[in-house]
Amino acid sequence: MFALVAGAVRTRTAQVATILVLAAVATAVTAAAPWYAYAAAARAAATDIAAAPDGQRTLSVRQGAEIESGDPGAVVEPFADRVRTRLPLPTEDVALGMITPLAVSRGGTDVDVRLAYRDDFCDQVRIDGACPAARGEVAISRAAAQRLTIGIGSRLTLRDTVSDRTVVTTVVGLYSVDDPSGAYWQSSLVRAENGLDPAFTAIDTFSAVMLKSVTLTYDSVIPEGLISRPGTDLRALLRAADKQLSPDLRLVTSADQLIGTIEADRTVIASGVATAAVQILVLAWFAIALAGRYTGRDRRPDVALLKLRGSTRLGILRLLWGQHLVPLAAGTLLGAPAGLLLARLLAGPVDDTADRTAALLIGLGAALAVLLGGLLVLAVLEALVVRLPLSELLRRTSGGRGGWRSGLADLILVAVAVTVVYQAGVGGPDGGLAPAGAGMLALAVALILARLLSHLAGRMGGAALRAGRLRTGLTALRVARQPGADRVFALVVVATTLFVTAVGGGDAEQRARAERGAWELGADRVLTVQTENRTTLLAAVRQADPDGRQAMAAVVDRVSDLPVLAVDSTRYAAVAAPGLPGAPPGAGAGGRLPLITGEAVGVRAERHGKQPARLSLLLRNETTGLVVPVDLGVAGAGTTVLRGAAPGCATGCRIVHWSLTGRTGAGVTVHSLDQLDPAGPVLGAAELGDVARWRTGSTGVALDVSTSAAGLRLDVPVNTSDDVESGSRAWPVETTLPLPAVLAGPEPDAWRFADPILGVFGTPVPVRARAVGAVPVLGHHGLFVDLEAFRRLTDEAEPPGEYQVWLAADARPGLVGDLTAAGLTVVADRTVAGRADQLGAQGPAVAARFGLLAGAAALLLAAATVAVAAAVDRGTTREQLRALRVQGLPSRVAVATGRYGVGVPVLAGLVAGLLVTIPATRVTGARVLPFTDGWDVLPPPGVLGPVAFLLGGLAALTVLGLTTWLAVRPFLRDLRDDR
């Protein structure tokens, strides 16, 4: 038996090679699927963790405590031991801390500030001065120092608003945070909320009596391996941790969102890869059955001969099945390692031992499914052949289609396909078998069209022959009567649809990532920089790029209740990525007051009434951005000249606001403002008396502001009985008010019952917002404003925000160096392409890439089947055409019939597949899968763009056309030799 099988294999090398190729391609894809899925899921998890904010990996345990012994250390260490003992999961980068809320008085008003001790504080900041090491020493942020107008060596009195006790501290250092997005700073207790940044001190400071009530913190990072490890239910671990720590310890974490993203990635990858692999498996069985049907014609004489020699039916089947087992087994053995190698090249290694074992076992099962499924379909075909009578086996021509059995099979397949398509339409593109909807719809249409093609070809062939058109008639009849031509047509339709859909899906997914990258970053390249304030940021960018076409300053505030994106609107159109919405109007240059360029100023002012009034001026240096408070003193009776020092204004300072403090009835008229060193006028009565140049507060008790030819008049409101600070200011109008802005998302609750007011600038500012669906960087929730207007409306303190420089796509190579030379420190450098690559590790991109691989495999399966069909029919068709040549058929007609008889079904299937792809993607709702981290700012692009459709069609035409040409080339050469 073995010798007979080996002889049959050697005799039919082409047919055996075809089945081997089909088995190898199918096995390679299906065996690659599990390894690819496990490796890609691990890589996606690692990428998700790297891309997620550090706050999504942090874990904080907190407890209220009383320092009874006067020794803070005696409270911290037992707390840390309790947390370590009761926390049921490992952590790393632990930082112990102790925090208490206090207040600092500023101009008679309390401003909230937290006093904090925290492990390794000085290693996490850049600090001017000394690190607090002794009792009573504190380090405050530079922004807090500006707002409080204090510096190193200043006394800072902190007050407990409940007990009204105070503690006096000494400022020994000014700090700025190197990496505000780092894990160390993710606890809400060490970030400013409505008050000042925390003041950090040595632990011994908490031995003071008024600092007995504190909050202890144990902040740590969840290890990356614990988050990404398959099979680890981190949510369950966190719930168990919360249960074990309660009731005296409280667990705070934001890891749930990151866990959800990782789980969604695993689900999408597993579903997408499994769907593609199953489609290829079924398509491979179909192609193997079709190849077996074609090659079975050559085996019919062998079966007839064995029957004549008295062989049993089982013996004949064993011989026939042995001929199939050899190529199927060889293809499986070749395809399995090739698939594993391909998966490793595409997705990388599987590091986890359990996952690696599972991937290998599932891959082995997939390879056996190709082998056993192929054997099964071929066994059924051979069993049907063995049952045929000798007369049928010895016939040289086929009876065409397979009768009622073939029709029943087509009907069942169409019913299944319609069910899947219906399910996709009802359940949505993410439900059940919906991802296979396009292929199933193509199958249903292909089976119907195949029968129609056979019928029309027969009718056309007869009509053409009667009309004397031999070439058309013979070609059509060959298509109609060629056994299996309808199945080849159907296979080409399905393969073309799968391939073009995969190409379109891959292209759409890439476009979705690129568009998201542009919206998330705002420009082709974005630098995160460190600098003192918005003024120095704008100055540095304008110095490095004076033309304003390659770089733009931007500030992103994500921590406020209403996030804010502020950009230099004058440069936005030249620098921002294409497709982003336009920026709000800029601040403009009209109405700008002249700068003060002296170290001292003098004001000629006239007091009204008998109440004393203290006049002051707040300036901001236009080079350094530092605020310069100028105390002009109390205005005397009549007209007097008030003087005040303005240190640091030699390089130019602008007026931030006038401030008047006094009781009801107090008021002054400012006649002129001059600088004294060097001497020179700044504002005269005409500028001070221009009502369009000045504004008062928009909320609370506001200063009465009026103008006349004499100058600017400031009066304390008559309904104020005490000294006032809030609402006691007058600001210059140097930008459009209300502030033009673009708002995404719902209005803040306060805007629904009053005029829109923005309070993040240090003073409430009226806003005129235009509603849109989304704004760059911030997405569906945030405010988009002009940075220059933002800066000019800022009062003493710098609002929170991340400083950025957006670079245009054509920015010159040396621009980053120029920005550095201008005083900026680059701490991060991101690009749209890099962000798109990072998103390429998420589930939708991974599934799309494997879908493209599966689509290419489907096209190869169709091409191999076309090749075997052409090779098997070669001999019979050559004899028929030779007979017709003897009867006078022209040589050119015979050659055309041989060429087009094979090419027409393939070309028709290709065209039908392309045409079916368009409605198939729409009917089944095929679309780009949503990002697994929940980002949904933009609608996903269409899954079948015109470029992808054209390129996919050309690729399919190239593969199938080249295969057909190579398959018929020997046949056509023989026909030409017969001339």
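Enquirer: Explain the overall build of the chain to me, using residue names and the numbers behind them.
Expert: Within the chain, the regular secondary structure consists of 23 helices and 30 strands. Within the span of the chain, comprising 979 residues, buried residues form 52% of the whole. Looking at the chain alone, contacts between residues at least 24 apart form 80% of all its contacts between residues at least 6 apart. Carbon and sulfur atoms form 59% of the exposed surface of the chain, whose accessible area is close to 41500 Å².

Enquirer: Tell me about the packing of aromatic side chains, and name the residues and values.
Expert: Summed over the entire model, instances satisfying the criterion amount to ten aromatic pairs. A centroid spacing of 5.3 Å and a plane angle of 90 degrees characterise the contact between Phe 121 and Tyr 175, whose relative ring orientation is edge-to-face. With Phe 121 in the loop between strand E3 (109-118) and strand E4 (125-129) and Tyr 175 in strand E7 (residues 166-177), this residue pair connects regions lying 54 residues apart in the sequence. This pair shows no difference in class: Phe 121 is buried, exactly as Tyr 175 is. Summarising the aromatic geometry, the rings of Phe 121 and Phe 200 are spaced 4.2 Å apart at their centres and angled 15 degrees between planes, so their arrangement reads as stacked. In this pair, Phe 121 sits in the loop between E3 and E4 while Phe 200 sits in strand E8 (residues 199-201), placing the two residues 79 residues apart along the sequence. The burial state of Phe 121 is the same as that of Phe 200; both residues are buried. An aromatic cluster of at least three residues, connected via ring pairs, comprises Phe 121, Tyr 175, Tyr 184, Trp 185 and Phe 200. Geometry around Tyr 184 places Arg 118 over its ring, the cationic atom sitting 4.4 Å from the centre.

Enquirer: Hey, could you go over the sheet that holds strand E11 (residues 525-530) for me, with residue numbers and the actual values?
Expert: Judged by pairing direction, the sheet is mixed, and its nine strands sit side by side in the order E26-E27-E25-E28-E13-E12-E29-E11-E30 without closing on themselves. This sheet does not close on itself; its edge strands, each paired only once, are strand E26 (757-758) and strand E30 (825-831). Sheet topology places strand E25 (residues 739-744) next to strand E28 (residues 782-786); three bridges connect them, and they run antiparallel. Pairing of Leu 743 across the sheet is with Leu 783, part of E28.

Enquirer: Explain the sheet that holds strand E24 (residues 729-732) to me, and be specific about the residues and the numbers.
Expert: Strand order in this open sheet of five strands is E16-E15-E18-E24-E21, and the pairing throughout is antiparallel. The open sheet has two free edges, formed respectively by strand E16 (627-634) and strand E21 (694-696), since each of these has just one partner strand. Neighbour-to-neighbour, the strand axes of this sheet turn through a mean angle of 25 degrees, independent of strand direction. Where strand E18 (residues 653-662) lies against E24, two bridges are found, and the strand directions are antiparallel. From the neighbouring strand, Trp 658 faces E24, where its bridge partner is Ala 730.

Enquirer: Can you tell me about the packing of helix H14 (residues 485-521) against helix H20 (residues 832-839), naming the residues and giving the values?
Expert: The N-to-C vectors of H14 and H20 enclose an angle of 125 degrees; their axes lie 8 Å apart at closest approach. It follows that H14 is oblique to H20 by the angle criterion. Handedness of the H14/H20 crossing: right-handed. Contact residues: H14 offers Arg 513, Ala 514, Arg 516, Gly 517, Ala 518, Glu 520 and Leu 521, while H20 offers Val 832, Arg 835, Ala 836, Asp 837 and Leu 839.

Enquirer: Describe the pattern of salt bridges, and please don't skip the residues or the numbers.
Expert: Counted under the stated rule, the structure contains 28 salt bridges. Here Glu 734 makes a salt bridge to Arg 792, at a shortest N to O gap of 2.9 Å. Of the two residues, Glu 734 sits in the loop between E24 and E25 while Arg 792 sits in helix H18 (residues 787-793), which places them 58 residues apart along the sequence. Overall, Glu 734 belongs to the buried group, its relative accessible area being 5%. What makes Arg 792 buried here is its relative accessible area of 14%. Three or more residues joined by partner-sharing salt bridges are found here, namely Arg 542, Asp 545, Asp 568, Arg 571, Glu 622, Arg 654, Glu 734, Glu 788, Arg 791 and Arg 792.

Enquirer: Kindly report on the side chain of Thr 217, identifying the contributing residues and their values.
Expert: Within the element layout of this structure, Thr 217 appears in strand E9 (residues 213-221). In this structure Thr 217 comes out as buried when scored by relative accessible area, which is 1%. Every residue in contact with Thr 217, bar those within four places of it in the chain, is listed here: Val 61, Arg 62, Phe 79, Ala 95, Leu 96, Gly 97, Met 98, Ile 99, Arg 118 and Leu 189.

Enquirer: Could you give me a rundown of H14, with the residues and numbers involved?
Expert: When the terminal C-alpha atoms of H14 are compared, their 54 Å separation across 37 residues agrees well with the 54 Å that a helix rising 1.5 Å per residue should span. Burial analysis of H14 places 32 of its 37 residues in the buried class, which makes it a mostly covered element. Once H14 finishes, Gly 522 follows within two positions and takes phi at roughly 100 degrees, a positive value.

Enquirer: Which residues make up the state of the cysteines, and what are the values?
Expert: Within the structure shown, the criterion is met by two disulfides. Here Cys 122 is linked by a disulfide to Cys 131, with a sulfur-sulfur distance of 1.7 Å. Looking down the S-S bond of the Cys 122 and Cys 131 bridge, the torsion is 85 degrees, so its handedness is right-handed. Cys 122 gets classed as partly exposed once you look at its relative accessible area, which sits at 22%.

Enquirer: Please set out the nonpolar core residue by residue, giving values where relevant.
Expert: With 72 residues, the main nonpolar core has Tyr 36, Ile 269, Phe 850 and Leu 960 as its most contacted residues. Counting residues per element, this core draws most heavily on helix H2 (residues 13-51), which supplies 15 residues. Contact partners of Leu 960, with chain neighbours within four places excluded, come to Val 492, Thr 496, Leu 859, Ala 862, Ala 863, Val 906 and Leu 910.

Enquirer: Describe the confidence of the model for the chain, with residues and values.
Expert: A residue-level look at the chain finds 82% of positions with pLDDT of 70 or above and a mean pLDDT of 82. Scored below 50 in pLDDT, residues 723-727 shows 15 contacts in the model against residues more than four places distant or in partner chains.

Enquirer: Describe helix H15 (residues 534-544), and please don't skip the residues or the numbers.
Expert: Burial within H15 is extensive, with eight of its eleven residues counted as buried. For H15, the full list of buried residues reads Arg 534, Thr 535, Thr 536, Leu 537, Leu 538, Ala 540, Val 541 and Ala 544. In this structure Asn 533 caps H15, since a side-chain oxygen of it lies 3.2 Å from the backbone nitrogen of Thr 535.

Enquirer: Tell me about the pairing of strand E5 (residues 137-141), and please be specific about residues and values.
Expert: Two faces belong to every sheet, and in a regular strand the side chains alternate between them. Burial analysis of E5 places four of its five residues in the buried class, the great majority of the element. Strand direction decides the pairing type here: E5 and E7, joined by five bridges, are parallel. Directly across from Ser 141, in E7, lies its bridge partner Tyr 175. Here E5 pairs with E8 via two bridges, running antiparallel. Paired with Val 138 across the strands is Thr 201, a residue of E8.

Enquirer: Explain a nonpolar patch on the surface residue by residue, including any values.
Expert: A grouping of Leu 907, Val 911, Leu 915, Val 947, Leu 950, Leu 951, Leu 954 and Leu 957 is seen on the molecular surface, where their side chains present a nonpolar patch of about 750 Å² in accessible area. Of all elements in the fold, only helix H22 (891-923) and helix H23 (946-977) reach the threshold of two or more residues within the nonpolar patch. The dominant element in the nonpolar patch, judged by the number of residues it contributes, is H23, at five residues. Examined against the element boundaries, Leu 950 turns out to sit in helix H23.

Conventions adopted
Residues numbered from 1 in each chain as written. Predicted model: local features only at pLDDT ≥ 70, side-chain atom pairs only at ≥ 80, totals over all residues. Heavy atoms only, no water. Helix = DSSP H or I, 4+ residues; strand = E, 2+ residues; numbered from the N terminus. Buried < 20%, exposed > 50% of the residue type's maximum accessible area, 1.4 Å probe, protein only. Contact = heavy atoms within 4.5 Å. Areas by Shrake-Rupley, 256 points an atom, 1.4 Å probe, with all protein chains shown as cover. Phe/Tyr/Trp six-rings, centres within 6.5 Å; stacked < 30°, edge-to-face > 60°. Lys NZ or Arg CZ within 6 Å of the ring centre and 35° of its normal. Pairing = 2+ DSSP bridges. Axes fitted to C-alpha atoms, helices over the stretch in contact; angles between N-to-C directions. Parallel < 35°, antiparallel > 145°, perpendicular 65-115°, else oblique. Left-handed = near helix turned anticlockwise from the far one by under 90°. Salt bridge = Lys/Arg side-chain N within 4 Å of Asp/Glu carboxyl O. Expected span 1.5 Å × (residues − 1). Disulfide = S-S within 2.5 Å. Core = buried A, V, L, I, M, F, W, Y, C linked by side-chain atoms within 4.5 Å. pLDDT = per-residue confidence, 0-100. Polar contact = N/O pair within 3.5 Å; in protein donor to acceptor, adjacent residues only side chain to side chain. Patch = residues over 30% accessible without salt bridge, like charges linked within 9 Å, V, L, I, M, F, W, Y side chains within 5 Å.

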